[in-house]
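# Descriptive analysis of the structure
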Amino acid sequence: MQAIIEREFASQTVISVVHRLRFIERFDRVALMKQGHLVECDRPQTLLSTRSEFRAFYHTRQGD
(Lines give C-alpha, C1' and ligand atoms only; values in the text may rest on other atoms or scores of the structure.)
Protein backbone atom coordinates (compact mmCIF):
# COMPACT_ATOMS: atom_id res chain seq x y z
CA MET A 1 0.00 0.00 0.00
CA GLN A 2 2.82 2.40 0.84
CA ALA A 3 4.37 1.89 -2.62
CA ILE A 4 1.04 2.72 -4.29
CA ILE A 5 0.65 5.91 -2.24
CA GLU A 6 4.21 6.99 -3.07
CA ARG A 7 3.79 6.28 -6.78
CA GLU A 8 0.24 7.51 -7.41
CA PHE A 9 0.36 10.58 -5.18
CA ALA A 10 3.99 11.64 -5.62
CA SER A 11 3.05 15.19 -6.65
CA GLN A 12 0.20 15.56 -4.14
CA THR A 13 -0.02 16.51 -0.49
CA VAL A 14 -0.77 13.39 1.53
CA ILE A 15 -1.92 13.54 5.12
CA SER A 16 -1.56 10.18 6.76
CA VAL A 17 -2.43 9.07 10.27
CA VAL A 18 0.03 6.35 11.21
CA HIS A 19 0.34 4.18 14.25
CA ARG A 20 3.20 2.06 12.95
CA LEU A 21 6.34 4.07 12.38
CA ARG A 22 8.02 1.78 9.86
CA PHE A 23 7.92 4.31 6.99
CA ILE A 24 7.89 7.56 8.97
CA GLU A 25 11.21 8.81 7.56
CA ARG A 26 9.69 8.87 4.06
CA PHE A 27 7.36 11.70 5.05
CA ASP A 28 8.26 15.38 4.76
CA ARG A 29 6.73 16.39 8.10
CA VAL A 30 5.58 14.71 11.29
CA ALA A 31 3.03 16.20 13.66
CA LEU A 32 2.93 14.58 17.09
CA MET A 33 -0.47 14.97 18.73
CA LYS A 34 -1.25 14.21 22.36
CA GLN A 35 -4.79 14.35 23.71
CA GLY A 36 -5.86 16.48 20.75
CA HIS A 37 -3.04 19.02 21.11
CA LEU A 38 -0.08 19.54 18.81
CA VAL A 39 3.10 18.71 20.70
CA GLU A 40 5.72 18.89 17.92
CA CYS A 41 5.86 19.35 14.17
CA ASP A 42 9.00 19.11 12.04
CA ARG A 43 10.88 16.87 9.63
CA PRO A 44 11.18 13.29 10.95
CA GLN A 45 14.98 13.45 10.70
CA THR A 46 15.05 16.64 12.78
CA LEU A 47 12.81 15.25 15.49
CA LEU A 48 14.72 11.97 15.62
CA SER A 49 18.07 13.76 15.98
CA THR A 50 17.02 15.91 18.95
CA ARG A 51 15.69 15.21 22.44
CA SER A 52 12.10 15.39 21.25
CA GLU A 53 8.95 13.70 22.48
CA PHE A 54 8.63 12.18 19.03
CA ARG A 55 12.06 10.56 19.37
CA ALA A 56 11.11 9.07 22.74
CA PHE A 57 7.83 7.80 21.28
CA TYR A 58 9.62 6.40 18.23
CA HIS A 59 12.09 4.44 20.32
CA THR A 60 9.38 2.96 22.54
CA ARG A 61 7.47 1.81 19.42
CA GLN A 62 10.36 0.05 17.55
CA GLY A 63 9.04 -3.38 16.54
CA ASP A 64 5.58 -2.14 15.54
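The structure presented is a predicted model; accordingly, all values stated were derived computationally and were not measured.

### Here's the deal with the side chain of glutamate 40
With respect to the helices and strands, the residue glutamate 40 is situated in strand β2 (residues 37-42). Although glutamate 40 is buried, it forms no salt bridge, and the closest oppositely charged side chain is lysine 34 at an N-O distance of 8.6 Å. Side-chain polar atoms of glutamate 40 contact the backbone nitrogen of glutamate 53, separated by 3.0 Å. A distance of 2.9 Å separates a polar atom in the side chain of glutamate 40 from the backbone nitrogen of phenylalanine 54. Not counting residues up to four positions away in its chain, the partners in contact with glutamate 40 are Val30, Ala31, Leu32, Leu47, Ser52, Glu53 and Phe54.

### Some points on the confidence of the model for the protein
Summary statistics for the protein give a mean pLDDT of 88 and a share of 97% for residues scoring 70 or more. Per-residue pLDDT, averaged within each element of the protein, yields its smallest value for helix α1 (residues 2-8) (87) and its largest for β2 (96).

### Observations regarding the pairing of β2
Across 5 bridges, strand β1 (residues 30-34) lies against β2 in antiparallel orientation. Across the sheet, the residue bridging to methionine 33 is leucine 38, located in β2.

### Quick word on the nonpolar core
As a rule of thumb, nonpolar side chains are buried together in soluble globular proteins. Counting 9 residues, the largest nonpolar core is built from Leu21, Ile24, Phe27, Val30, Leu32, Leu47, Leu48, Phe54 and Tyr58. Elements supplying a minimum of two residues to this core: β1, α2 (44-48) and α3 (53-60). Beyond its immediate sequence surroundings of up to four residues, phenylalanine 54 is in contact with Ile24, Val30, Leu32, Glu40, Leu47 and Leu48.

So, how was this worked out
Residues numbered from 1 in each chain as written. Predicted model: local features only at pLDDT ≥ 70, side-chain atom pairs only at ≥ 80, totals over all residues. Heavy atoms only, no water. Helix = DSSP H or I, 4+ residues; strand = E, 2+ residues; numbered from the N terminus. Buried < 20%, exposed > 50% of the residue type's maximum accessible area, 1.4 Å probe, protein only. Lys, Arg positive; Asp, Glu negative; His and termini not counted. Salt bridge = Lys/Arg side-chain N within 4 Å of Asp/Glu carboxyl O. Polar contact = N/O pair within 3.5 Å; in protein donor to acceptor, adjacent residues only side chain to side chain. Contact = heavy atoms within 4.5 Å. pLDDT = per-residue confidence, 0-100. Pairing = 2+ DSSP bridges. Core = buried A, V, L, I, M, F, W, Y, C linked by side-chain atoms within 4.5 Å.

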